Each structure stands twice: as structure tokens, then as C-alpha cells.
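# Architecture at a glance
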Amino acid sequence: TTFKNLLASGELTFKASVAIHSSDIFAKVLAKICHFLNFSVVEQIVESASLYSKSPLGDHICALLKSNNDGGFSCDMKCNHEQLIKHVQSEIDSLFQPQL
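All of these numbers come straight from a predicted model, not from anything done at the bench.

Right, let's get into the pattern of salt bridges. One pass over the structure, following the stated rule, counts three salt bridges. For Lys28, the salt bridge is made with Asp24, and the minimal N-O distance between the two is 4.0 Å. Judged by its relative accessible area of 19%, Asp24 falls in the buried class. Between Lys86 and Glu82 there is a salt bridge, with the nearest N and O atoms lying 3.6 Å from each other. Residue Lys86 and its partner Glu82 are both found in helix H3 (residues 82–95); the two are separated by four residues, about one turn of the helix.

So this is what it looks like as C-alpha cells:
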């Protein structure tokens, strides 16, 4: 199944979005998400990237990471498993929390 077909299939019924507040450049935010959350870049155009990951149990997660006009970033995700998408959303939030 291709990434595009997976998104069009209707199989990914759960959605989540994360607002990312970071002073990092887009490339660094993208690298962090890919490294720590095991996403692969499917396609990247300027400061927007389509991402894909598959859980050990075979659940699919597709995401779109993009720069916002306010200097932050957003990550919109679709998944076929509700708990998994909530967990990934929480992990992304934690990844970009300011260090005290």
C-alpha cells in the first residue's frame, strides 16, 4: 500500500494535531520527530513534510509536519488506532516542552 493510497483508503479514522512551539529550524524539528518517534519522511517540500510510521503491531500513522506563519510548527496526524495516536501526540508534546 502506498502512502497516498493509505490516506485515501478511509482506514485511518483517528486524527490528532499538535502545535509545536520551538525556536529550532524546520530541519531540526523534523529530525527530532523522525529520530525519537521512528517516523520516515515520505516527501518534503520546503518547510512541509509528509511522514509515515508503523507500530510493532502493524498500525499505521501518517503525519504532515509544517511551518506556521507565527514561527511555530504543526503536526497533523491520522492513524487507525485511537490509543496509539493519543500516545504519539503526547510524545511530540513532551519532545518540545521547554527544559526547566
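Here the largest pocket is characterised by a volume of approximately 170 Å³. Leu37, Asn38, Phe39, Ser53, Lys54, Ser55, Pro56, Ile61, Leu84, His87, Val88 and Glu91 together form the lining of the largest pocket. Those elements giving two or more residues to the lining of the largest pocket turn out to be strand S3 (48–54) and H3. Broken down by element, the lining of the largest pocket gets its largest block of residues, four residues, from H3. Residues that form the lining of the largest pocket fall into these classes: six nonpolar, four polar and two charged.

Glancing now at the pairing of strand S4 (residues 60–67). As paired strands, S3 and S4 are joined by seven bridges and run antiparallel to one another. Looking at S4, one finds that Lys54 is bridged to His60. The turn linking S3 back onto S4 is made up of five residues, and Gly58 within it adopts a positive phi angle of 95°. In the sheet, S4 pairs with strand S5 (residues 73–79) via seven bridges, with the strands oriented antiparallel. When the bridges of S5 are listed, Cys62 appears paired with Lys78. The turn linking S4 back onto S5 is made up of five residues, and Gly71 within it adopts a positive phi angle of 95°.

A separate point is the sheet that holds S5. Read across the sheet, five strands follow the order S1-S5-S4-S3-S2 without closing on themselves; strand pairing throughout is antiparallel. Two strands lie at the open edges of the sheet, namely strand S1 (14–20) and strand S2 (40–45), each paired on one side alone. Taking the axes of each pair of neighbouring strands and ignoring which way they run, one obtains an average angle of 15° across the sheet. Packed onto the sheet, helix H2 (residues 26–37) meets S1, S2, S3, S4 and S5 and runs at close to 5° relative to S3.

Next up on the list: the pairing of S3. Looking at chain direction, S2 and S3 are connected through five bridges and run antiparallel. Its bridge partner being in S3, Val41 is matched across the sheet by Leu51. In textbook terms, the turn of a hairpin is the stretch between consecutive antiparallel strands, and for S2 and S3 this stretch comprises two residues, one of which, Val46, has a positive phi near 50°.

Per the counting criterion, the structure on display carries one aromatic pair. Seen in terms of ring centroids, Phe26 and Phe73 are 6.2 Å apart; in terms of plane orientation they differ by 45°. Their pairing is tilted. Of the two residues, Phe26 sits in helix H2 while Phe73 sits in strand S5, which places them 47 residues apart along the sequence. On the basis of relative accessibility, which here comes to 4%, the residue Phe73 falls in the buried class.

The rules behind each value
Residues numbered from 1 in each chain as written. Predicted model: local features only at pLDDT ≥ 70, side-chain atom pairs only at ≥ 80, totals over all residues. Heavy atoms only, no water. Salt bridge = Lys/Arg side-chain N within 4 Å of Asp/Glu carboxyl O. Buried < 20%, exposed > 50% of the residue type's maximum accessible area, 1.4 Å probe, protein only. Helix = DSSP H or I, 4+ residues; strand = E, 2+ residues; numbered from the N terminus. 1 Å grid on protein atoms, 1.4 Å probe; cavity = no way out; pocket = protein on both sides within 12 Å on 5 of 7 lines; lining within 4 Å. Points joined across faces, edges and corners; volume = space filled by probe spheres on them. Nonpolar A, V, L, I, M, F, W, Y, C, P; charged D, E, K, R; others polar. Pairing = 2+ DSSP bridges. Axes fitted to C-alpha atoms, helices over the stretch in contact; angles between N-to-C directions. Contact = heavy atoms within 4.5 Å. Phe/Tyr/Trp six-rings, centres within 6.5 Å; stacked < 30°, edge-to-face > 60°.

None of the figures reported here should be taken as evidence of function without further support.
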